[in-house]
Amino acid sequence: MESAYHKEIITGKKSVCEIEAGDHIYCKRRGGLYDHHGIYVGENMVIHLAGKAKKLQLYSCQECRNKGFINGEIAKICLDCFLAGKKLRVYAYGVSYFQHKTRKNGTCCIRSARPCHQVIAAAVHLLEHGGFGSYNLLANNCEDFAVYCKTGFAESKQIIGHIKRLTFIFPIVGAVATLPLAAAYTVAKGITATRRDHSPT
Ligand SMILES: [Zn+2]
């Protein structure tokens, strides 16, 4: 039987004051073109794979200056800077196969999440010691990072969702245009998974 808390997680309807340390949170970026993901680690801070563009750049707010930290492409920033005014959403774990198929790609996962303290420990470990590899939109993105912290497996679905939508809107042109993208995604995923398997944990 689903608890009220579990139901909130499933629907992604939690407010800023209700999220708990260890939650995988995300918000829209660039008008909904893509979502940005991170792990809420408590004390109003989020650890996320920021990518090369954000390298060596820490937000200038007081909270980030006091409690923020950057190591390569992984950063700990405050929740306000992470959300940048966008609505907070919570990624759902342990959803049914039916829910996974009917929800938007990149919002939920069939796998169960680890206990919160393990999720936080994984995010902090990657922040302090690295080992997740460089940001790659197709194969090693912010969603991969958050799912990896939550489950021990890296998998992002929002790119697959974009490919599906393109193919649906432009059946022929989309199929031709997205085939190389899908192939690149598969190859890049394999390379990244191999690299991560051999990196220190
Ligand atoms: Zn900040």
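Residues numbered from 1 in each chain as written. Predicted model: local features only at pLDDT ≥ 70, side-chain atom pairs only at ≥ 80, totals over all residues. Heavy atoms only, no water.

Topic: the nonpolar core
- In this structure, Ile25, Ile74, Leu79, Phe145 and Cys149 are the most contacted members of the largest nonpolar core, which totals 32 residues.
- Broken down by secondary-structure element, the contributors of at least two residues to this core are β1 (24-29), β2 (34-42), β3 (45-49), β5 (74-78), α3 (79-83), α5 (116-129) and α6 (142-151).
- For this core, the leading source of residues is α5, giving five residues.
- Contact partners of Cys149, with chain neighbours within four places excluded, come to Ile39, Arg114, Val119, Ala122, Ala123 and Leu126.
- Of all hydrophobic cores here, the second largest spans five residues; its members include Tyr26, Tyr91, Tyr93 and Val147. (Core = buried A, V, L, I, M, F, W, Y, C linked by side-chain atoms within 4.5 Å. Buried < 20%, exposed > 50% of the residue type's maximum accessible area, 1.4 Å probe, protein only. Helix = DSSP H or I, 4+ residues; strand = E, 2+ residues; numbered from the N terminus. Contact = heavy atoms within 4.5 Å.)

Structural notes on the environment of His37
- Position of His37 relative to the elements: it lies in strand β2.
- It is 5.3 Å that separates the C-alpha atoms of His37 and Glu143, two residues lying 106 residues apart in sequence.
- Polar contacts involving the side chain of His37 include one to the side chain of His24, which spans 2.8 Å. (Polar contact = N/O pair within 3.5 Å; in protein donor to acceptor, adjacent residues only side chain to side chain.)

Description of the coordination of the zinc ion
- Protein coordination at the zinc ion: the donors are Cys61 (SG), Cys64 (SG), Cys78 (SG) and Cys81 (SG), at 2.1 to 2.4 Å from the metal.
- Coordination at the zinc ion is tetrahedral, judged from the four donor atoms that bind it and the angles of 100 to 112 degrees they form at the metal.
- As a motif over one chain, the donors of the zinc ion read C-x2-C-x13-C-x2-C. Taken together, the residues Cys64 in helix α2 (residues 62-67) and Cys81 in helix α3 connect sequence positions 17 residues apart.
- By relative accessible area, Cys64 is classed as buried at 0%.
- For Cys81, a relative accessible area of 14% translates into the label buried. (Donors = N, O, S within 2.8 Å, 3.2 Å for Na, K, Ca; no water. Tetrahedral: all angles 85-135°; square planar, octahedral: opposite > 155°, others 65-115°.)

Let's talk about the sheet that holds β2
- What the six strands build is an open sheet, ordered β4-β5-β3-β2-β1-β6; its pairing is antiparallel. A single partner strand is all that each edge strand has here, and the edge strands are β4 (69-71) and β6 (89-90).
- Where β1 lies against β6, two bridges are found, and the strand directions are antiparallel. Bridged to Ile25 within β6 is Val90.
- Docked against the sheet, α6 engages β1, β2, β3 and β5, running at close to 35 degrees with respect to β2. (Pairing = 2+ DSSP bridges. Axes fitted to C-alpha atoms, helices over the stretch in contact; angles between N-to-C directions.)

Some remarks on the confidence of the model for the protein
- Residues of the protein with pLDDT of at least 70 account for 65%, and the chain-wide mean is 77.
- With pLDDT under 50 throughout, residues 1-11 is counted as low confidence; its partners more than four residues away or in other chains account for 21 contacts.
- This model gives residues 197-201 a pLDDT under 50, and the stretch forms three contacts once residues within four places in sequence are excluded. (pLDDT = per-residue confidence, 0-100.)

Details of unusual backbone geometry
- Although it is not a glycine, Asn44 adopts a positive phi angle of roughly 65 degrees.
- In this structure, Asn44 sits in the loop between β2 and β3.
- The class of Asn44 is partly exposed, set by a relative accessible area of 22%.
- The phi torsion at Ala84 lies on the positive side, around 50 degrees, for a residue other than glycine.
- Secondary-structure assignment places Ala84 in the loop between α3 and β6.

Quick look at the state of the cysteines
- As enumerated under the stated definition, the model contains zero disulfides in all.
- Counting only cysteine sulfurs, Cys109 is the nearest neighbor of Cys108, a cysteine outside any disulfide, at a range of 7.6 Å.
- On the basis of relative accessible area, Cys108 is assigned to the buried category, the value being 3%.
- Judged by relative accessible area, Cys109 falls into the buried class, the value being 1%. (Disulfide = S-S within 2.5 Å.)

Examining the pattern of salt bridges
- Evaluation of the coordinates by the stated rule reveals two salt bridges.
- In this structure, Lys104 engages Asp35 in a salt bridge whose closest nitrogen and oxygen atoms are separated by 3.4 Å. With Lys104 in the loop between α4 (97-102) and β8 (108-109) and Asp35 in strand β2, this pair connects stretches of sequence that are 69 residues apart.
- Between Lys67 and Glu63 there is a salt bridge whose closest N-O contact spans 3.2 Å. With Lys67 and Glu63 both in helix α2, this residue pair falls four residues apart, about one helical turn. (Salt bridge = Lys/Arg side-chain N within 4 Å of Asp/Glu carboxyl O.)

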